[in-house]
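Take a look at the letters that make up each chain.
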Amino acid sequence: MRRINAIFIVPDVEHIGDIEYFESLIRSAGGIVDRHSWSQEDGDNAYIHYHCTDRDELIQVKNILREQS
């Protein structure tokens, strides 16, 4: 199975719910969330590491994230 790795940056995170919202969008579009990193400081960026199994899936995930950002 092919694996296409990607990272989404969540800007200005105030609480874990901000990250969980984007993780749920990734999952609903077919992506697989591997992990996230965040300093837990209010206002810092978080990084969601995820992967997709094909290019079409990746495009779908990116489109949804772009619409919701």
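All values derive from a computational prediction rather than experimental measurement.

Comments concerning the overall build of the chain
- A tally of helices and strands in the chain yields two helices and three strands.
- Taking 11 Å as the expected radius of gyration for a compact globule of 69 residues, we find that the chain reaches 12 Å, a close match to that expectation.
- Along the first, second and third principal axes, the C-alpha atoms of the chain reach 35 × 20 × 15 Å.
- Counting every position in the chain, which comprises 69 residues, the buried fraction comes to 35%.
- The long-range share in the chain, meaning contacts at least 24 apart out of those at least 6 apart in sequence, stands at 61%.
- For the chain, the exposed surface amounts to about 4500 Å²; the carbon and sulfur share of it is 45%.

A few points about helix H2 (residues 55-68)
- Across its 14 residues, H2 extends 20 Å between first and last C-alpha, which sits within 8% of the 20 Å expected from 1.5 Å per residue.
- Against strand E1 (4-10), helix H1 (16-28) and strand E3 (46-52) lie the buried residues of H2.
- N-cap assignment for H2: the residue whose side-chain oxygen lies 3.1 Å from the backbone N of Asp56 is Asp54.

Here is what the cut-offs are and how they apply
- Position numbers for residues count from 1 along each chain, tracking the sequence in the order it is written.
- Thresholds applied to this predicted model are a pLDDT of at least 70 for local features of residues and 80 or more for the giving and counting of side-chain atom pairs; totals over whole chains, interfaces and linings are not thresholded and use all residues.
- With hydrogens and water stripped out, all remaining heavy atoms of the structure feed into the side-chain values.
- Helix and strand labels come from DSSP, where a helix needs a run of H or I of at least four residues and a strand needs a run of E of at least two; each type is numbered from the N terminus.
- Put simply, the radius of gyration uses C-alpha atoms, and a globule should come to 2.2 Å times the residue count raised to 0.38.
- Three labels apply to residues, based on accessible area from a 1.4 Å probe with only protein chains included: buried if under 20% of the type maximum, exposed if over 50%, partly exposed otherwise in between.
- Two residues form a contact once any of their heavy atoms are found within 4.5 Å.
- Calculation of accessible area relied on Shrake-Rupley with a 1.4 Å probe; when residues are assessed, cover is drawn exclusively from the protein chains displayed.
- The span one expects for a helix is its residue count, reduced by one, times 1.5 Å.
- By the criterion applied in these results, polar contacts are pairs of N or O atoms within 3.5 Å in which, for protein atoms, one can donate a hydrogen and the other can accept it, and in which residues neighboring in sequence qualify only through two side-chain atoms.

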